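Structure assessment
Residue strings, one per chain:
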Amino acid sequence: MSRKRTPDDKSTETTTEVAEPPAAEATPEGHSFAERVGQKKRPSAPDPFGIAVDNVVGVRLLESKQDRQVAIKFGQGRPEDKPSQAVLDKLKDAGYRWNPTHKIWAHPVRPDSAMGTRIDAERLFQEVRQMIRQEKGIEPAQEVPF
């Protein structure tokens, strides 16, 4: 049997459920999730970071956001890793300078021409690695990105 309500029925008992807010998750530092929103700390990328590499001939193209430069590194930078004079001349003609501290050939990246500098650096890297492959009698190969 079901009971229908009529306008004459006056129930004195009314209940309303109220959801309790969830307890704030606190971290050991005492900050809740809501306090941490927007404060996410992203892990920093390595600097310099690799753009391309040819492990067979030992040449890498790098970029440093901190130093605002692109760089080409041969091997570990030891004297025996030094490329031929033709390769060095190509680097110098492109505006690269030897950095003896980091043992790299570096070129500055300026804000007004950053994209063009990166494109030119990748082209130069491809030319240099192919020159070294040819000098060493190694088959030409496709680009090997990191």
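Use the structure listed above.
First, a word on what this report is: a plain description of the structure on this page. (Residues numbered from 1 in each chain as written. Predicted model: local features only at pLDDT ≥ 70, side-chain atom pairs only at ≥ 80, totals over all residues. Heavy atoms only, no water.)

Moving on, we come to the overall build of the protein. Helix and strand content of the protein: 3 helices and 5 strands. Tracing the protein from N to C terminus, the helices and strands come up as α-β-β-β-α-β-β-α. The contacts in the protein between residues at least 6 apart in sequence include a share of 49% that link residues at least 24 apart. As displayed, the protein has an accessible area near 11,400 Å², and 51% of this comes from carbon and sulfur atoms. (Helix = DSSP H or I, 4+ residues; strand = E, 2+ residues; numbered from the N terminus. Contact = heavy atoms within 4.5 Å. Areas by Shrake-Rupley, 256 points an atom, 1.4 Å probe, with all protein chains shown as cover.)

Side-chain positions along a regular strand alternate between the two faces of the sheet. With 6 of 6 residues buried, strand E3 (residues 69–74) is to be regarded as a mostly interior element. Residues Gln-69, Ala-71 and Lys-73 point to one face of E3 and Val-70, Ile-72 and Phe-74 to the other, with burial holding for every one of them. Connecting the antiparallel pair strand E2 (residues 59–64) and E3 is a turn made up of 4 residues, with Arg-68 showing a positive phi of about 55 degrees. Pairing geometry for E3 and strand E5 (residues 104–108), over 4 bridges, is antiparallel. Pairing of Val-70 across the sheet is with His-107, part of E5. (Buried < 20%, exposed > 50% of the residue type's maximum accessible area, 1.4 Å probe, protein only. Pairing = 2+ DSSP bridges.)

With that settled, consider the nonpolar core. The biggest cluster of nonpolar side chains holds 20 residues, and the ones touching the most others in it are Leu-61, Ile-72, Phe-74, Leu-91, Tyr-96 and Val-128. Listed by contribution, the elements that provide at least two residues to this core are strand E1 (49–54), E2, E3, helix H2 (85–93) and helix H3 (114–136). When residues in this core are grouped by element, the largest group, 6 residues, is from H3. Those residues in contact with Phe-74, other than ones at most four positions away along the chain, are Gly-58, Val-59, Asp-81, Pro-83, Val-87, Leu-91, Trp-105, Val-128 and Ile-132. (Core = buried A, V, L, I, M, F, W, Y, C linked by side-chain atoms within 4.5 Å.)

With that settled, the discussion passes to H2. Considered for burial, the residues of H2 that qualify are Val-87, Leu-88 and Leu-91. Viewed end-on, H2 has its buried residues packed into an arc of 100 degrees, placing them on one side of the element. Looking at the packing, one finds that the buried side of H2 touches E3, E5 and H3. A positive backbone phi angle near 95 degrees is found at Gly-95, which sits one or two residues after H2. (Arc of directions from axis to C-beta.)

This paragraph deals with the sheet that holds E3. An order of E1-E2-E3-E5-E4 is seen for the 5 strands of this open sheet, with the pairing classed as antiparallel. Of all strands in the sheet, those bounded by a partner on one side alone are E1 and strand E4 (97–99). The sheet shows a mean angle of 25 degrees between the axes of neighbouring strands, direction not considered. Two elements, E2 and E3, share 6 bridges in a ladder whose sense is antiparallel. Across the sheet, Leu-62 pairs through a bridge with Ala-71, a residue of E3. (Axes fitted to C-alpha atoms, helices over the stretch in contact; angles between N-to-C directions.)

Enumeration according to the criterion identifies 8 salt bridges in this entry. The partner of Arg-129 in a salt bridge is Asp-54, and the shortest N-O contact between them spans 3.0 Å. Of this pair, Arg-129 sits in helix H3 while Asp-54 sits in strand E1, placing them 75 residues apart in sequence. With a relative accessible area of 1%, Asp-54 lands in the buried category. (Salt bridge = Lys/Arg side-chain N within 4 Å of Asp/Glu carboxyl O.)

Here E5 lies mainly inside the structure; 4 of its 5 residues are buried. For E4 and E5, the ladder comprises 3 bridges, and the chain directions are antiparallel. Looking at E5, one finds that Arg-97 is bridged to Ala-106. Linking E4 back to E5 in an antiparallel pair, the connection comprises 4 residues, with Lys-103 at a positive phi of about 60 degrees.

Honestly, that's just the spatial picture; any functional story needs more than this.
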